Amino acid sequence: MFKTLLVPVDPRPRSLRSLEIAGKIADQWDSHVIGLYVKPPMYLPAGIEAGAETLAELQQKTLAELVAEARARFDAGVKAAGIARSEFRADEGDIAEVVALHARYADLVIVNQTDPESDVRTNFADAVLMWVGRPVLVVPYTGQFKTLGERVLVAWNASREAARAVTDALPFLQRAQQVVVLSIAGKRAASEFGGTPGADVAVYLARHGVKTEVAPTVAVDVDAGEEILSRAFDYGADLIVMGAYGHSRAREIVLGGATRTVLKSMTVPVLMSH
């Protein structure tokens, strides 16, 4: 069960999207929701002595204002989402590393997809996935999500990451009305999947009380990420479950890959594990 949820927050309005989803999950599992704001580290240019104390004071004041704004945004989101148990934390440092540290004591991390129209130049969700060691639920920056986890598409390629994602998602899968397993075949499909693609993981899930439907296998010569998103639309899925970065991250950055395609173009929340 997802008893502790970690939600990185900031003063921007779109940070409330992840809190809306956290509210849906907290309502199902009576979860404790932690809002985490990571302050940027203070910076004093080298060689500055005169006025350094004043500059430090100004930076401290600015940081305090940012924390207060993030706290107000979090409190408003908690109230709007009807979250019963919550706390707000403020820490300082590299945002991905700080989130990873706090995530060690949470069951699920909920983050927002990077908004291409924002001033954020790095893919925060991408960085968190590589650091946290916990399942990460990524919330699209657009769209409305009336349900979550009622109709789930599992992207299965028999990898370590996919196996972990399926296990991490069991609380969702056990409550779902429909679970579809979409097999992403490699060149040696039989040896990779242990026979019939998708059958083995369907048996595994059945032993956990999850009824599944095995979809036709996706061939190796298609764009897996686009196919996952297309099938999710066809099945009316409100959640996708998949492993993240089955190849090296450097290779995916250069060649693309299903993880990056889904992170860029998702239309429903995606639970990923690395």
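Everything here concerns the structure above.
Values in this document were obtained by computation on a predicted structure and should not be read as measured data. (Residues numbered from 1 in each chain as written. Predicted model: local features only at pLDDT ≥ 70, side-chain atom pairs only at ≥ 80, totals over all residues. Heavy atoms only, no water.)

## Observations regarding the overall build of the chain
Counting its regular elements, the chain contains 11 helices and 10 strands. Expressed as a percentage of the 274 residues in the chain, the buried residues total 47%. A separation of at least 24 residues holds for 78% of the contacts in the chain among residues at least 6 apart in sequence. (Helix = DSSP H or I, 4+ residues; strand = E, 2+ residues; numbered from the N terminus. Buried < 20%, exposed > 50% of the residue type's maximum accessible area, 1.4 Å probe, protein only. Contact = heavy atoms within 4.5 Å.)

## Overview of the side chain of D238
Structurally, D238 is set in the loop between helix 9 (224–234) and strand 9 (239–243). We note that D238 is buried and unpaired, the nearest opposite charge coming from R151 at a distance of 4.2 Å. One polar contact links the side chain of D238 to the main-chain amide nitrogen of L148, over a distance of 3.4 Å. Among the polar contacts made by the side chain of D238, one reaches the main-chain amide nitrogen of G149 at a distance of 3.0 Å. (Lys, Arg positive; Asp, Glu negative; His and termini not counted. Salt bridge = Lys/Arg side-chain N within 4 Å of Asp/Glu carboxyl O. Polar contact = N/O pair within 3.5 Å; in protein donor to acceptor, adjacent residues only side chain to side chain.)

## Considering the packing of aromatic side chains
Tallying each qualifying case throughout the model produces four aromatic pairs. A ring pair is formed by F2 and F172, whose centres lie 5.0 Å apart and whose planes are at 40 degrees; its orientation type is tilted. In this pair, F2 sits in the segment before strand 1 (4–8) while F172 sits in helix 6 (residues 170–175), placing the two residues 170 residues apart along the sequence. Where W29 meets F172, the ring centres are 5.5 Å apart and the plane angle is 85 degrees; that geometry is what we call edge-to-face. Of this pair, W29 sits in helix 1 (residues 16–29) while F172 sits in helix 6, and the two are 143 residues apart along the sequence. (Phe/Tyr/Trp six-rings, centres within 6.5 Å; stacked < 30°, edge-to-face > 60°.)

## Overview of the pairing of strand 9
Counting buried positions along strand 9 yields five of five residues, so the element is predominantly enclosed. Side chains of strand 9 alternate between two faces, with L239, V241 and G243 and I240 and M242 buried alike. As defined by bridge partners, strand 6 (residues 151–156) adjoins strand 9 across three bridges and the pair is classed as parallel. Within strand 9, the position partnered with V154 by the bridge is V241. Note: strand 9 against strand 10 (residues 270–273), four bridges, orientation parallel. Following the sheet pairing, I240 is matched in strand 10 by V270. (Pairing = 2+ DSSP bridges.)

## Focus: the pattern of salt bridges
Should the charged atoms of two oppositely charged side chains come close, the side chains can pair. Applying the stated criterion across every chain yields a total of eight salt bridges. R85 is the salt-bridge partner of D30, the closest N and O atoms lying 3.6 Å from each other. Separated by 55 residues along the polypeptide, D30 in the loop between helix 1 and strand 2 (32–39) and R85 in strand 3 (residues 85–92) bring together distant segments of the chain. Given a relative accessible area of 43%, D30 falls into the partly exposed group.

## Quick notes on the sheet that holds strand 6
The strand order across the open sheet built from 10 strands is 3-2-1-4-5-10-9-6-7-8, with neighbouring strands paired in mixed fashion. Sheet topology places strand 3 and strand 8 (213–214) at the edges, where each strand pairs with a single neighbour.

## Describing the environment of F233
As for its placement among the helices and strands, F233 is situated in helix 9. Considered as a pair, F233 and T267 are 34 residues apart in the sequence and their alpha carbons are 8.5 Å apart.

## As for the side chain of D168
Relative to the helices and strands, D168 resides in helix 5 (residues 160–168). D168 sits in the buried class, given a relative accessible area of 18%. Contacts of D168, omitting those with residues within four sequence positions, involve F2, P135, L271 and S273.

## A short note on the nonpolar core
Among the nonpolar cores identified, the biggest contains 43 residues, and L5, I25, V33, I110, L137 and L173 are the most heavily contacted of them. No other element matches the six residues that helix 1 contributes to this core. What V33 contacts, discounting residues up to four positions off in sequence, is L5, V7, L19, A22, A26, F74, I83, R85, S86 and E87. (Core = buried A, V, L, I, M, F, W, Y, C linked by side-chain atoms within 4.5 Å.)

## Here's the deal with the packing of helix 9 against helix 11 (residues 258–265)
Between helix 9 and helix 11, the least distance of the axes is 7 Å, while the angle of their chain directions is 45 degrees. Considered as vectors, helix 9 and helix 11 are oriented oblique to each other. Where helix 9 approaches helix 11, its residues A224, G225, E226 and L229 are matched on the opposing element by A258, T261, V262 and S265. A per-class count over the contact of helix 9 with helix 11 returns four nonpolar, three polar and one charged. (Axes fitted to C-alpha atoms, helices over the stretch in contact; angles between N-to-C directions. Parallel < 35°, antiparallel > 145°, perpendicular 65-115°, else oblique. Nonpolar A, V, L, I, M, F, W, Y, C, P; charged D, E, K, R; others polar.)

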